[in-house]
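Residue strings, one per chain:
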Amino acid sequence: MNKYLAQYRQQMSRLRHIQREAEKRGYIFPNSPLPRAVKNPTAKTIQRLSAITPTKLRSKGYKPSPVSGELIRQTPRRQEAERHERELAKIRERNQRDLQRYEERRRERLEEHAKQAEEARKNERRILEEQVDNAQALDEILNIFNVQDPAELPFWAYKKYIDLQERIFNQEEEASDVEIHVKINNVNYQEDYGIEEPPEDYPRGKDIDEPAPYEDQILNNVIIEMHSRKNTEIADFLLNAMQDEISYLDQTYGDGMGETIMANRFRDVNGNWQNKLEQLDSSDVGEVRDGSFGLLGIIRGGHPASAENEELERIIYDQFKWKSINNRKRDYFRR
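Residues numbered from 1 in each chain as written. Predicted model: local features only at pLDDT ≥ 70, side-chain atom pairs only at ≥ 80, totals over all residues. Heavy atoms only, no water.

Chemist: Just to check I follow, could you spell out helix α14 (residues 306–319) for this structure?
Modeler: Side chains of residues three or four places apart in an α-helix project in the same direction, reflecting 3.6 residues per turn. Helix length check: α14 (14 residues) gives 20 Å between terminal C-alpha atoms against 20 Å at 1.5 Å per residue, within 8%. Every buried residue of α14 is accounted for by Glu308, Leu312, Ile315, Ile316 and Tyr317. (Helix = DSSP H or I, 4+ residues; strand = E, 2+ residues; numbered from the N terminus. Expected span 1.5 Å × (residues − 1). Buried < 20%, exposed > 50% of the residue type's maximum accessible area, 1.4 Å probe, protein only.)

Structure (structure tokens):
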């Protein structure tokens with residue numbers, strides 16, 4: 001028996017395996033790439049079979065062109081390019097998975113930070129409320145917020161201030177012999193404060209004694225435009241902020257003055273608020289953010305609270321749950 005026969009069969013089996021794997025990857029062999037069978041293999045035969053590498057065997061095959069369908073010979077250079085492309089595809093897939101995991105971790109961190117910030121705001125509000133409730137003098141409440149004018153207090157603290165002022169006044173009246181008619185003006189302090197003349201720098205009409213003209217039409221147009229937005233969540237947030245600001249202005253300057261001042265704020269921007277409203281329905285997160293914060297600044301007179309800014313940012317982030325990739329990474333993935 002030929003002593004090289006077992007090695008010959010082993011080498012032929014290897015070459016047939018390479019051919020089958022190539023055909024699975026789309027190679028076409030019009031003619032068999034295997035060497036012609038021999039009955040009595042020799043040492044040189046085994047040496048020639050061992051020298052046939054997978055690249056050499058596949059170079060006898062063809063692949064159809066994805067554009068024209070023409071069969072193209074798969075030379076070693078084309079095989080190397082195909083291998084390089086497969087490696088790049090694996091790298092892109094791995095990078096995409098890493099980016100997705102990064103985005104998930106980033107969203108979790110943002111949510112955690114938002115919860116911590118909300119908890120800190122609640123704790124700060126609770127401490128302030130306790131200090132206001134425990135205040136025994138009017139100056140204590142003003143010192144808590146580091147203000148001198150009671151009008152600068154938050155609405156809930158201002159109510160406590162008025163209650164304490166009335167309680168102190170009643171205690172002083174009980175300890176004195178002052179006649180009843182003396183305390184009428186003091187008891188109605190809150191009502192008098194509500195109709196107190198607004199400061200000089202708040203928006204007015206042409207005449208200092210008349211309200212801004214067409215305020216009803218301006219506010220109606222703003223409300224109608226906001227209700228027509230496709231981005232209903234941001235529009236509802238802005239409508240609630242405007243109603244809250246009008247209520248605050250009514251409390252500060254008297255009933256009915258809130259709508260007048262709000263109408264003047266929108267009138268003073270010369271129609272720019274309409275452009276901001278159009279940006280709410282944009283597909284670009286930058287335009288949506290610019291329009292949203294621009295409208296909030298108009299509503300709050302240019303001084304929105306930080307908590308409102310964070311809440312508006314959270315709403316915009318929830319609607320655009322994607323991350324802008326920098327130019328270098330974007331060019332890399334487009335290759």
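Still to come is the rest of the account.
Chemist: Is there a simple way to think about unusual backbone geometry in this case?
Modeler: Among all residues except glycine, the phi angle is most often negative; among peptide bonds, the trans geometry is most common. One non-glycine residue, Asn146, adopts positive backbone phi at about 55°. Topologically, Asn146 is positioned in the loop between α5 (138–144) and α6 (155–174).

Chemist: What am I meant to see in the packing of helix α1 (residues 5–24) against helix α2 (residues 43–50) here?
Modeler: Packed helix pairs are specified by the crossing angle of their axes together with the interaxial distance, meaning the distance between the axes. At a minimum axis distance of 10 Å, the contact between α1 and α2 shows a crossing angle of 20°. In this view, α1 runs roughly parallel relative to α2, as classed from their interaxial angle. Remark: the crossing between α1 and α2 carries left-handed chirality. Contacts between α1 and α2 involve Gln7, Tyr8, Gln11, Met12, Arg14 and Leu15 on the former and, on the latter, Thr45, Ile46, Leu49 and Ser50. Of the residues in the contact of α1 with α2, the class split is 5 nonpolar, 4 polar and 1 charged. (Axes fitted to C-alpha atoms, helices over the stretch in contact; angles between N-to-C directions. Parallel < 35°, antiparallel > 145°, perpendicular 65-115°, else oblique. Left-handed = near helix turned anticlockwise from the far one by under 90°. Contact = heavy atoms within 4.5 Å. Nonpolar A, V, L, I, M, F, W, Y, C, P; charged D, E, K, R; others polar.)

Chemist: Whenever I open this one, α1 confuses me. Can you help?
Modeler: For α1, which comprises 20 residues, the first-to-last C-alpha distance of 29 Å matches the rise-based estimate of 28 Å (1.5 Å per residue) to within 8%. Every buried residue of α1 is accounted for by Leu5, Tyr8, Gln11, Met12, Leu15, Ile18, Gln19 and Ala22. Summarising the axial view, the buried residues of α1 lie within an arc of 145°, below the 170-degree limit, and thus occupy one face. Exposed positions of α1 whose direction lies more than 90 degrees from the buried face are Ala6, Arg9, Gln10 and Lys24. Looking at the buried side of α1, the elements it contacts are α2 and α3 (54–58). At the exit of α1 stands Gly26, carrying a positive phi of roughly 100°. (Arc of directions from axis to C-beta.)

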